[in-house]
Amino acid sequence: MAAVQWRSSARSYDTELQRCRPEAALVEFGDYHPLKPIMVTDTKTRHGARKGSTSSSSSSSSSVAPDPLSSMLDGTDPLSMFAAASVIEAPAMSHSASTGVCNADLGRKRKEKEEEAVGPDFETWSSKRGEILARFTTTEKLSINLFMGSDRGKAPSPGSSAVSEKVRTRLEELDDLEEGSQKELLNLSQQEYANRIEELNQSLKEAWASDQKVKALKIVIQCSKLLSDTSVIQFYPSKFVLITDILDTFGRLVYDRIWTIIQSDETCLNWFFKIASIRELLPRLYVEAAILKCNRFLNKCGIPETLPRLTAMIRGIGDPLVAAYARAYLCRVGMEVAPHLKDSLNRNFFDLLGTFRQVSSDSVQNQLVLQRVEVPEYLTLYSPAVNWILQCIAYRAPEPLLTEMTERCKKLGNNALLLNSVMRAFRPEFVAARATDFIGMIKDCDEAGFPKHLLFGALGRSLACADPPESERLTILNEAWKVITKVCSPQDYVICAEIWVEFTCRHFSKREVNTVLADVIKHMTPDRAFEDAYPQLQSVIRKILTYFHDFSLLFSMERFLPFLDMFQKDSVRVEVCRSIMDIFIRHQEEPSRDPVILNAMLHICKTMHDSVNALTLEDEKRSLALLIIGFIRMVSFGRDFEQQLSFCVEARATFCNLESVLVQLIHTVNQLAMETSRVMRGNHSRKTAAFVRACAAYSFITIPSLSSIFSRLSLYLLSGQVALANQCLSQADAFLKAAVSLLPEVPRSISVEGKLRSSESFLMDFINNFLATLLVVPDHPEHGVLYLVRGLLNMVQDYTWEDNSDAKVRVYISALPLLAAMSQETYLYSIPKVDSNETLYGGDPKFLSEINKLSETLIGQILDHLKALGRDEQSTRRQGALAFSLFGVLLAHGDLRNNKLSQLAVNLWNLSHKYGHCETRVSVRTLECMKHQAQQADMTHLSDTVQRLALQSRT
């Protein structure tokens, strides 16, 4: 392949554009449209019609295309077949007496299921479990009594019948449960106690799995007995939660066991007989309640008969606290199996009212003195049990029931605990409508019996969900806050204040909210009490942000920013700032220039930024950066572009550790420069010209601080394009030279999403974009012709490419269209107010000669590379691909009237097809395109070239 003399073909871009435009065709609206649904008409003639009747045809039209999945099913699907079969069989089955019984059973079971179903609006026990365990704790030492079974033999007496033998064996097993040796574990911490209970739960499951049913029952009885121990009374509610978990497990295991052998009623009765033989009342009560659901296997009246009996049994428990929780457990299992049986729930409640009279008894008072527990603290121990019982009673109850309950509270002395549970149990709408009445009842309660701030807390939860009458709202807030602000304990205060903040935000203005925040700061600042109340204080912020989306209003509150200052712990402070920024980005509809908002948000964003250190995870950095970027995008000073640039300068200094934020700032400044050009319509004044140069200087200073080399490359190029668009030629020249000088630093591999990938494809994309920009960049008067193009190509030549890579040659091939475009009289595109080389050189022969020489040099380099590839049989595919690419460039941009250039094109075509690696379809289309072009008056020379090109079959 001898050296050739390059000559670019003269291009008329406007003429080529006209040729490429499709011919206009008139389309009527009634004609076929690709988005119009297909109408399929299927006409069938019925055969076998009655003699004398006229044959009829049925015609059906469908606007839906046939479904390939349905066609595979031959018009039917399995579910439809089963449904059709059941419809066909139903009439025949209706005459069968046995099937009628089955249908009746199904109907009964369906009815039972509907009765037993509790809707999603019912708050389950599992949702309360964690709160109880976290609230009722102790530092006292705990103990567990474990009863170990004896190993005495059980030899049967001779001559006894099989039935009596079975009964004797059962009774002896149960005696063994209660008369075995005893092991006591003392001095357990709360966590150790919980671990021991969990071990018992696992032992229960293991015993059951190994078919040791009696051992499993023994474990359950042991655990039930622990509920009679109130030696550490503050821990009793949590103990109840832990042990009833074991009872629930046992109940499920027994139910599943009986379900699998449902044909035998004897197995079910056997379990009830075993439980009935337990001597102590409390374990017998709890264990029978645990398997209450199994009564349905005996008869349909089993559960309605058993619930009243168990309710009456609880009256035999002497300790009022133990009795209250036993009633709560019975209500719990009752709601699971028969929520429609309200009578038993009501009996439990009435018995509970009687229990409260025992609180003042000598035995209870002596126990409280012994354990050094005050009466208000003791009464709060009842809360989970009473709350649950009343929740079960109030579930979907009518409003008159609330009236009845409030009347009972008024008649009952020391009614604060009950009043608290009533407000928590009934629907918030019912409570809110009577909010004033409840406040009156709270004021009449004895402070020594139950803390009033807890009562106002219960009322506040309802008012956060439902609105009281508008005329009463201010009075309600004032009365509540009079009590709340007098609470001495900071922890108790903030829990109650956090509840009422939502009511304040929901119904009042920033003035009232600001007053509440001031009161919270006053209570929580002394002795740094806020350090123990971060969850509640965070909740206050979330509630304020839920109702106040106008940040100019929010930051105008005098006490809002001082409230934020209470978050001294770094992780909590950052989390609060994140929540504020998230709300700001989601709800700030228009860009802002309000100095109050900007200063406050800058402070919040700086707090997030300053939390970043060397140990911060990349995901965390990315998350924080996105929030800060969202804020930057919402800042706009309108036509005050200088103020906008000043903001970006300040933001650059503030957020220097987050690279993606700096990238956004550079984009913002470039956009600012383009907006200035748009306002001035491209005709800059002296002031605006100086301003856009300042924008370019901002970007030029900021880009080197970025660590990502591809971010620097792309931003140098983008900023150079912006500078060109604003007629800042020297700045554009500096950006582009900086990009070229950065190329040698590009690594051969980069990390993408945690994986190392070759950087070659990224670098090729950048270079192609850079080449496209160079078309409109005028040469510098103090440098040589095409100095940027030459500088880029020199860098490409010196760059260390990957082994066996064709990237360098592909860059050379990509540069040829640029050089061809530069030799045209009129360029394909240009920048307004910027004189490109077409104007500067005006088609000067010396300029065109330089272009041709550079093009010939590049072609020579490409041909040398093709020769080198030809020496290696393994590289023939790469050789063919590069040859065809160069052929395409010659065809599109070279003047093939030049014989040497035309011969080179033919040689390249033959080389690309020599080993059969070229796509035949692409080759055929290329030839067709050339034949089409040869028909044009100025392209007839292509006919000779086409005749010399042949398609070769693949080898």
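Residues numbered from 1 in each chain as written. Predicted model: local features only at pLDDT ≥ 70, side-chain atom pairs only at ≥ 80, totals over all residues. Heavy atoms only, no water.

1. Concerning the overall build of the chain
Counted only if it meets this: Each helix is a run of DSSP H or I of at least 4 residues and each strand a run of E of at least 2, with the numbering of both proceeding from the N terminus. Three labels apply to residues, based on accessible area from a 1.4 Å probe with only protein chains included: buried if under 20% of the type maximum, exposed if over 50%, partly exposed otherwise in between. Working rule for contacts: check all heavy atoms of both residues, and any pair within 4.5 Å makes them a contact. Areas reported as accessible are Shrake-Rupley estimates using a 1.4 Å probe. Residue values count occlusion only from the protein chains shown.
Helix and strand counts for the chain stand at 45 helices and 6 strands. Counting over 955 residues, the chain shows a buried share of 46%. The long-range fraction of contacts in the chain, counting pairs at least 24 apart against all pairs at least 6 apart in sequence, stands at 74%. Counting every atom, the chain has about 50,000 Å² of accessible surface; 52% of that belongs to carbon and sulfur.

2. What to know about the nonpolar core
Condition: Within this scheme, the nonpolar core is defined by two criteria: the residues are buried Ala, Val, Leu, Ile, Met, Phe, Trp, Tyr or Cys, and they are joined through side-chain atoms within 4.5 Å.
Grouped together as the largest cluster of nonpolar side chains are 302 residues, with contacts concentrated most on Trp500 and Phe631. Per-element tally for this core: the top contributor is helix 13 (residues 320-337), with 13 residues.

3. Some remarks on the pattern of salt bridges
Rules: The salt bridge criterion pairs a side-chain nitrogen of Lys or Arg with a carboxyl oxygen of Asp or Glu, the two atoms within 4 Å.
By the definition in use, this model includes 29 salt bridges. Salt-bridge contacts for Arg573 lead to Asp570; the nearest nitrogen and oxygen are separated by 2.7 Å. In this pair, Arg573 and Asp570 both sit in helix 29 (residues 570-587), 3 residues apart, roughly one turn of the helix. Where Asp806 meets Arg878, a salt bridge forms, and the shortest distance between an N and an O atom there is 2.7 Å. A residue pair is termed long-range when its members are at least 10 positions apart, and Asp806 in the loop between helix 38 (787-798) and helix 39 (807-822) and Arg878 in helix 42 (residues 876-893) qualify at 72 residues. The network of salt bridges with shared partners includes Lys443, Glu479 and Lys482.

4. Remarks on the environment of Ser383
Mapping Ser383 onto the fold places it in helix 17 (residues 383-394). Each C-alpha atom, one on Ser383 and one on Leu417, is 7.0 Å from the other, the two residues being 34 residues apart in sequence. When neighbours within four sequence positions are excluded, Ser383 is seen to be in contact with Arg135, Leu417, Asn420, Ser421 and Phe450.

5. With respect to the pairing of strand 5 (residues 749-752)
Filter applied, for reference: For two strands to pair, DSSP has to find at least two bridges joining them.
Where strand 5 lies against strand 6 (residues 755-758), 4 bridges are found, and the strand directions are antiparallel. Bridge pairing links Val752 to Lys755 in strand 6. Counting the residues in the hairpin turn of strand 5 and strand 6 gives 2 residues, including Glu753, whose phi is positive at 55 degrees.

6. Concerning helix 24 (residues 490-507)
Given 3.6 residues per helical turn, the α-helix brings residues three or four places apart onto the same face. Keep this limit in mind: To estimate the expected span of a helix, subtract one from its residue number and multiply by 1.5 Å. Given a residue, its bend is the angle between the two axes fitted to the seven residues that end at it and to the seven that start from it.
Here helix 24 contains 18 residues, and its C-alpha end-to-end distance of 25 Å stays within 8% of the 26 Å for a straight helix at 1.5 Å per residue. The largest bend in helix 24 comes to about 25 degrees, at Glu498. Of all 18 residues making up helix 24, 13 are buried, and the element is well covered by its neighbours.

7. Description of the packing of helix 42 against helix 44 (residues 920-934)
The line we're drawing: Axis lines are fitted to C-alpha atoms, over the contacting stretch for helices. Their N-to-C directions set the angle, which ranges from 0 to 180 degrees. The scheme is simple: roughly parallel for angles under 35 degrees, roughly antiparallel for over 145, roughly perpendicular for 65 to 115, oblique for anything else. Crossings are classed by handedness, with left-handed meaning an anticlockwise turn of the near helix from the far one by less than a right angle and right-handed meaning a clockwise turn. By the convention adopted, Pro, Cys, Tyr, Trp, Phe, Met, Ile, Leu, Val and Ala count as nonpolar, Lys, Arg, Asp and Glu as charged, and the other residues, Gly among them, as polar.
Packing of helix 42 against helix 44 brings their axes to within 13 Å, and their N-to-C directions diverge by 15 degrees. As judged from the angle between their axes, helix 42 and helix 44 are roughly parallel. Judged by the sense of rotation from one axis to the other, the crossing of helix 42 with helix 44 is left-handed. Residue-level inspection shows Phe884, Phe887 and Leu891 of helix 42 in contact with helix 44, the latter providing Val922, Ser923, Thr926 and Met930. Residue composition of the contact of helix 42 with helix 44, grouped by class: 5 nonpolar, 2 polar and no charged.

8. Quick word on the environment of Phe762
Looking at the element boundaries, Phe762 is found in helix 37 (residues 760-774). On the accessibility criterion, Phe762 (30% relative accessible area) is partly exposed. When the C-alpha atoms of Phe762 and Ile750 are compared, they prove to be 9.7 Å apart, with 12 residues separating the residues in sequence.

9. Brief notes about unusual backbone geometry
Apart from glycine, the bulk of residues carry a negative phi angle, and the bulk of peptide bonds sit in the trans form. For Leu786, which is not glycine, the phi dihedral falls at a positive 55 degrees. The exposure class of Leu786 is buried, given its relative accessible area of 1%.

10. Things to note about the side chain of Ser699
Along the chain, Ser699 falls in helix 34 (residues 686-702). For Ser699, a relative accessible area of 0% translates into the label buried. If we skip the residues at most four places from it in the chain, Ser699 touches Ile666, Val669, Asn670, Ser719 and Phe735.

11. Points about the side chain of Gln588
We apply this condition: Contacts described as polar in this section are N or O atom pairs within 3.5 Å, which, within protein, must combine one atom able to donate a hydrogen with one able to accept it, while residues neighboring in sequence count only if both atoms come from side chains.
You can see Gln588 is positioned in the loop between helix 29 and helix 30 (595-610). Polar side-chain contacts of Gln588 include one of 3.3 Å to the backbone oxygen of Glu590. Aside from chain neighbours lying at most four places away, what touches Gln588 is Phe551, Ile583 and Met634.

12. Overview of the packing of aromatic side chains
Applicable threshold: Centres within 6.5 Å are what make two rings of Phe, Tyr or Trp a pair, Trp counting through its six-membered ring; a difference in plane orientation under 30 degrees is then read as stacked, over 60 as edge-to-face, and the rest as tilted. Put simply, a charge is over a ring when the Lys NZ or the Arg CZ is close to the ring centre, within 6 Å, and near the line of the ring normal, within 35 degrees.
The full count for this structure, using the stated rule, is 39 aromatic pairs. Taken together, a centroid distance of 5.0 Å and an interplanar angle of 55 degrees make the contact between Phe240 and Tyr325 tilted. Separated by 85 residues along the polypeptide, Phe240 in helix 9 (residues 236-260) and Tyr325 in helix 13 bring together distant segments of the chain. With respect to burial, Phe240 and Tyr325 carry one shared label: buried. Through a chain of ring-to-ring contacts, the aromatic side chains of Phe122, Trp125, Tyr236, Phe240, Tyr286, Tyr325, Tyr329, Trp388 and Tyr395 assemble into a single cluster. Positioned above the aromatic ring of Trp271 is the side chain of Lys274, whose terminal nitrogen or guanidinium carbon lies 5.0 Å from the ring centre.

13. Considering the confidence of the model for the chain
Heads up, the rule is: Confidence scores here are pLDDT values: one per residue, from the predictor, ranging 0 to 100.
On average, residues of the chain score 83 in pLDDT, and 84% of them are at 70 or above. Under a pLDDT of 50 for its full length, residues 69-76 has, in the predicted model, 3 contacts with residues more than four places off or in other chains. Between residues 110-115, whose pLDDT stays under 50, and residues either more than four places distant or in other chains, the model counts 2 contacts.

14. Remarks on the packing of helix 37 against helix 39
Running from N to C, helix 37 and helix 39 point in directions that differ by 15 degrees, and their axes come no closer than 10 Å. Our classification of the angle between helix 37 and helix 39 gives roughly parallel. Considering how the two elements wind past one another, helix 37 and helix 39 form a crossing that is right-handed. Where helix 37 abuts helix 39, its residues Glu760, Met764, Ile767, Asn768, Leu771 and Leu774 lie against Ala807, Arg810, Val811, Ser814, Ala815, Leu818 and Met822. Among the residues forming the contact of helix 37 with helix 39, the class breakdown is 9 nonpolar, 2 polar and 2 charged.

15. A look at a nonpolar patch on the surface
For clarity, the threshold we go by: Each patch is assembled from residues with relative accessible area greater than 30% and no salt bridge, linking like charges that lie within 9 Å and nonpolar side chains (Val, Leu, Ile, Met, Phe, Trp, Tyr) that lie within 5 Å.
A cluster of nonpolar side chains, namely Leu269, Phe273 and Leu298, defines an oily patch on the protein surface of about 230 Å² accessible area. Relative to the helices and strands, Phe273 is located in helix 10 (residues 265-276).

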